[in-house]
Amino acid sequence: MCYVNSVCKYYANRYPEKFVKIVHPFSVIFVLVGIVFFFSVQMLYIAPKVYGDLAYKLYWILAIFVTYNVLGNMLACYSTNTSVSSLPKERQVPDPEEEHLWHYCEICQKLMPPRSWHCVLCKACILKRDHHCIFTATCIGHNNQRYFFWLTFYITCGLVVSFATFSIYVCKVGLRNFMFSPVELIVKIAYKDHGCSSRSIFENLALNLNIITCLIPGFMLAYQIQILYLNSSYYEMFTRIYDLGVRENCKIVMGQRGLWTFLSPSLKSPLPNDGTQWQMKRNL
């Protein structure tokens, strides 16, 4: 995962315009196709064979709720401007008593608020910049970190529930009919094993993809929990300078409604500050 991140970072810095034109659309399409694939496999193929009438209807409600939150938070991440330019013009300039806390951006050629950093892909300084996400085609920062947290949460949640349902199906059909090794599955497909029907190959492929794709959002969610817990960012991962306690940290990221924002990305939850002033922990 770190290697992939390093390669992406190298090409993003060297060829930013090409990176945006090629990697962004590919990554967004990858996520959308994945959502459609897993939703279809679960709701139209696996779930009807696992759950009874009432449980299946409840599963539909859960699936729609999770999918709505995945797509809604993904769209909110992209559409929410979290750059310094999103501030009112008077807040883009530091007050005299705060000027020593701001730093100079040589690319933008102006002073920038604390914790804001320049992104070569967005071509702007981002408030409390966490990272640039290729799957949402934008930077994650002060104004949209709430949406990214719930995006990773609901993708992980959806894939875990999908795997749980798949596991019940596997137990019903029989473990010996399934291959939990992607290498074994690839070998069977490559050598056209006549003992494997098209149905068996499809089920095994869907199961293995489910297992593999759980890892990426799960890894990102683990990072986001750490960031939320410490009020840090990707580049300040283990610092406790801005840690004001779990409850206060949640409000800073999620807004006034805190963790209730899990209900919907459309739920209004104003942030306590505009991203230019950061209270530091008194006892370090």
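This text follows the structure it describes.
Here we summarise the structure given alongside this text. (Residues numbered from 1 in each chain as written. Predicted model: local features only at pLDDT ≥ 70, side-chain atom pairs only at ≥ 80, totals over all residues. Heavy atoms only, no water.)

For the structure shown, the criterion picks out 6 salt bridges. Taking the shortest distance from any N to any O, the salt bridge between Glu17 and Lys123 comes out at 3.7 Å. Pair noted here: Glu17 is in helix H2 (residues 16-50) and Lys123 is in the loop between strand E3 (117-119) and strand E4 (124-126), with a separation of 106 residues, a long-range link. The salt bridge partner of Arg240 is Asp243, with a shortest N-O separation of 2.9 Å. In this structure Arg240 comes out as partly exposed when scored by relative accessible area, which is 40%. Since its relative accessible area comes to 8%, Asp243 is described here as buried. (Salt bridge = Lys/Arg side-chain N within 4 Å of Asp/Glu carboxyl O. Helix = DSSP H or I, 4+ residues; strand = E, 2+ residues; numbered from the N terminus. Buried < 20%, exposed > 50% of the residue type's maximum accessible area, 1.4 Å probe, protein only.)

Since there are 3.6 residues in each turn of an α-helix, residues three or four apart along the chain are aligned in direction. With 35 residues, H2 should reach 51 Å at 1.5 Å per residue; the first-to-last C-alpha distance of 47 Å fits that figure. Residue Gln42 marks the point of greatest curvature in H2, where the axis turns by about 40°. Considered for burial, the residues of H2 that qualify are Phe19, His24, Ser27, Val31, Ile35, Phe38, Val41, Gln42, Met43, Ile46, Ala47 and Val50. (Expected span 1.5 Å × (residues − 1). Bend = angle between axes of the 7 residues up to and from the residue.)

This part is about the nonpolar core. With 21 residues, the main nonpolar core has Val70, Phe148, Phe149, Leu228 and Met254 as its most contacted residues. For this core, the secondary-structure elements that each account for two or more residues are H2, helix H3 (53-79), helix H4 (145-173), helix H6 (198-230) and helix H7 (246-254). Once residues lying within four places of it in the same chain are set aside, the contact partners of Leu228 are Phe149, Asn249, Cys250, Val253 and Met254. Membership of the second largest hydrophobic core comes to 8 residues, among which are Ile46, Val50, Tyr169 and Leu207. (Core = buried A, V, L, I, M, F, W, Y, C linked by side-chain atoms within 4.5 Å. Contact = heavy atoms within 4.5 Å.)

Here H6 contains 33 residues, and its C-alpha end-to-end distance of 49 Å stays within 8% of the 48 Å for a straight helix at 1.5 Å per residue. Positioned one or two residues after H6, Asn231 has a phi angle of 55°, which is positive.

So, on to the packing of H4 against H6. Relative orientation of the contacting elements H4 and H6 amounts to 145°, with a least axis distance of 8 Å. The way H4 lies across H6 gives a crossing that is left-handed. (Axes fitted to C-alpha atoms, helices over the stretch in contact; angles between N-to-C directions. Left-handed = near helix turned anticlockwise from the far one by under 90°.)

Turning our eyes to something else, we now look at the packing of aromatic side chains. The full count for this structure, using the stated rule, is 15 aromatic pairs. Centre to centre, the rings of Trp150 and Phe153 are 5.3 Å apart; their planes meet at 90°, and the pair counts as edge-to-face. Taken together, the residues Trp150 and Phe153, both in helix H4 and 3 residues apart, mark about one turn of the helix. Trp150 gets classed as buried once you look at its relative accessible area, which sits at 6%. Given a relative accessible area of 30%, Phe153 falls into the partly exposed group. An angle of 70° between the planes, with centres 6.4 Å apart, marks the rings of Phe166 and Tyr169 as edge-to-face. (Phe/Tyr/Trp six-rings, centres within 6.5 Å; stacked < 30°, edge-to-face > 60°.)

Scope: geometric values only; no functional claims are made or implied.
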